Amino acid sequence: MQPHSDTPALRIAIVLTLVLGIAAAGQLAIEYWPGRTFDSATSGVWMTLAIDYADGLLYRPILSEAGYGGTRYMPLFFMIHGVLIRLFGDPTLTGLVLMQASVVLMIAGMARLMALHAVPPVLSWAIAGITLATSLYQQYLTSLNCDYLAAGLSLWGLVFYLDSPESPRRSALARGFAVLLFVLAFYTKFSTVYAPAAVFLWLVFTRQWRAAAGFGAASLVLLAAFAALFLYL
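Residues numbered from 1 in each chain as written. Predicted model: local features only at pLDDT ≥ 70, side-chain atom pairs only at ≥ 80, totals over all residues. Heavy atoms only, no water.

Participant: So, the packing of aromatic side chains: which residues are in play, and what are the values?
Facilitator: One pass over the structure, following the stated rule, counts 14 aromatic pairs. Ring geometry for Trp46 versus Tyr73: centroids 4.4 Å apart, planes at 5°, classification stacked. Here the residue Trp46 occupies a position in helix α2 (residues 41-54), and Tyr73 occupies one in the loop between β2 (67-68) and α3 (76-88), the gap between them amounting to 27 residues. Of the two residues examined, Trp46 and Tyr73, each falls in the buried class. Geometry around Tyr53 places Arg86 over its ring, the cationic atom sitting 5.5 Å from the centre. (Phe/Tyr/Trp six-rings, centres within 6.5 Å; stacked < 30°, edge-to-face > 60°. Helix = DSSP H or I, 4+ residues; strand = E, 2+ residues; numbered from the N terminus. Buried < 20%, exposed > 50% of the residue type's maximum accessible area, 1.4 Å probe, protein only. Lys NZ or Arg CZ within 6 Å of the ring centre and 35° of its normal.)

Participant: Let's hear about the packing of helix α4 (residues 91-116) against helix α7 (residues 147-162): which residues, and what values?
Facilitator: Where α4 meets α7, the axes come as close as 8 Å, and the angle between the chain directions of the two elements is 30°. Taken together, the axes of α4 and α7 lie roughly parallel to each other. Of the two elements, α4 crosses α7, and the hand of that crossing is left-handed. Residues Met99, Ser102, Val103, Leu105, Met106, Ala108, Gly109, Met110, Arg112, Leu113 and Leu116 of α4 touch α7, and the partners they reach there are Tyr148, Leu149, Ala151, Gly152, Leu153, Leu155, Trp156, Leu158, Val159 and Leu162. (Axes fitted to C-alpha atoms, helices over the stretch in contact; angles between N-to-C directions. Parallel < 35°, antiparallel > 145°, perpendicular 65-115°, else oblique. Left-handed = near helix turned anticlockwise from the far one by under 90°. Contact = heavy atoms within 4.5 Å.)

Participant: An account of α3 is requested, with residue identities and associated values reported.
Facilitator: For α3, which comprises 13 residues, the first-to-last C-alpha distance of 18 Å matches the rise-based estimate of 18 Å (1.5 Å per residue) to within 8%. Looking only at α3, the buried set comprises Leu76, Phe77, Phe78, Met79, His81, Gly82 and Ile85. Elements that come into contact with the buried residues of α3 comprise α2, α4, α7, α8 (168-186) and α10 (209-232). Following α3 by one or two positions, Gly89 has its phi on the positive side, about 90°. (Expected span 1.5 Å × (residues − 1).)

Participant: Just give me the short version of the pattern of salt bridges, but keep the residues and values in it.
Facilitator: Where charged atoms of side chains with opposite charge meet at close range, the side chains can pair. Overall, the coordinates contain three salt bridges when judged by the stated rule. For Lys189, the salt bridge goes to Asp147, with nearest N and O atoms at 2.7 Å. Taken as a pair, Lys189 in the loop between α8 and α9 (194-205) and Asp147 in helix α7 lie far apart in primary sequence, 42 residues in all. (Salt bridge = Lys/Arg side-chain N within 4 Å of Asp/Glu carboxyl O.)

Participant: Quick rundown of the nonpolar core? Include the residues and the values.
Facilitator: Soluble globular proteins tend to pack their nonpolar side chains together in the buried interior. By size, the foremost hydrophobic cluster in this structure holds 56 residues, and its most contacted members are Trp46, Phe77, Phe78, Tyr148, Leu153, Tyr187 and Phe215. Sequence-distant contacts of Tyr148, defined by excluding residues within four places in its chain, comprise Met99, Ser102, Val103, Met106, Thr131, Thr134, Leu136, Tyr137 and Tyr140. (Core = buried A, V, L, I, M, F, W, Y, C linked by side-chain atoms within 4.5 Å.)

Participant: Hey, could you go over the side chain of Ser154 for me, with residue numbers and the actual values?
Facilitator: Its location among the elements puts Ser154 in helix α7. Once you skip the residues sitting within four places of it in the chain, Ser154 turns out to touch Phe182, Ala185, Thr192 and Ala195.

Participant: So what's going on with a nonpolar patch on the surface? Residues and values would help.
Facilitator: Side chains of Ile62, Leu63 and Tyr68 sit close together on the surface and give an oily, nonpolar patch of about 410 Å² of accessible area. Secondary-structure assignment places Leu63 in strand β1 (residues 63-64). When its relative accessible area of 68% is taken as the criterion, Leu63 is described as exposed. (Patch = residues over 30% accessible without salt bridge, like charges linked within 9 Å, V, L, I, M, F, W, Y side chains within 5 Å. Areas by Shrake-Rupley, 256 points an atom, 1.4 Å probe, with all protein chains shown as cover.)

Following this line, the structure appears as C-alpha cells:
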C-alpha cells in the first residue's frame with residue numbers, strides 16, 4: 001500500500017486547527033488548573049464511585065443509609081481512579097490526570113491505526129491530535145468521564161489484532177492481548193462492544209471460521225471471568 005500524500009494546504013489547515021483547539025483548551029486548563037473542580041453531575045457520580053472504591057466499597061447498595069446507590073456505570077474507570085486516590089489522596093487531581101492520560105491513550109491509538117493504513121506518521125499524529133480541538137474534549141477537560149479510556153482500549157485492541165506479528169505464536173499472543181483489551185473496554189463502557197463485533201463480523205464475512213470461533217470463545221470466556229471477579233469483589 002502506497003503512503004497517502006499530503007499537501008502544504010492540508011498541513012497548514014491541520015496546524016491552524018490544532019493551534020486554535022489547544023489554545024481554547026489551554027484557556028480552560030488555566031482557569032481550572034490544577035483541576036479544582038469538575039463541572040457536571042456525571043463527574044460527581046464517577047467521583048463518588050471512585051471514592052467509595054478507595055474506601056473498599058465496589059458499588060454501594062441500591063438503597064442504604066447513604067442514599068440511592070443504583071448506577072449503570074461499568075467499573076474499570078472508577079476502580080483505576082479509586083486506586084489512584086488510595087495512592088495519592090487527591091480525588092480531583094488524580095481524576096484530572098486519569099482523564100488526560102486516557103485522552104493521550106486514545107490519540108496514540110488513532111495515530112497507530114492510521115499509520116497501519118499507510119498514513120505518514122506526522123500526518124497521522126496531527127489528525128489524531130485534532131481531538132484536542134473538539135468541543136467535546138474541551139468540555140471533558142473539566143469533567144470526569146470514562147469515554148476516552150473506553151475508546152483508547154478499543155482502538156489499541158484493534159491495533160494489536162490488525163498488527164499481529166508473522167510468527168504464529170507471537171501472533172496468537174498479540175490477538176489474545178487484543179481480546180483482553182476489548183473486554184477491558186467493555187467493562188469501561190457498554191458501547192465498546194462494537195469494536196470486537198466489527199472484528200468478529202470481518203472474520204465471518206471473510207470466511208475465517210476457525211479464527212471467528214476462537215475470537216468469540218475467548219471473548220466470552222474473558223467476559224465471564226471478569227464478571228465473576230467483579231461479583232466476588
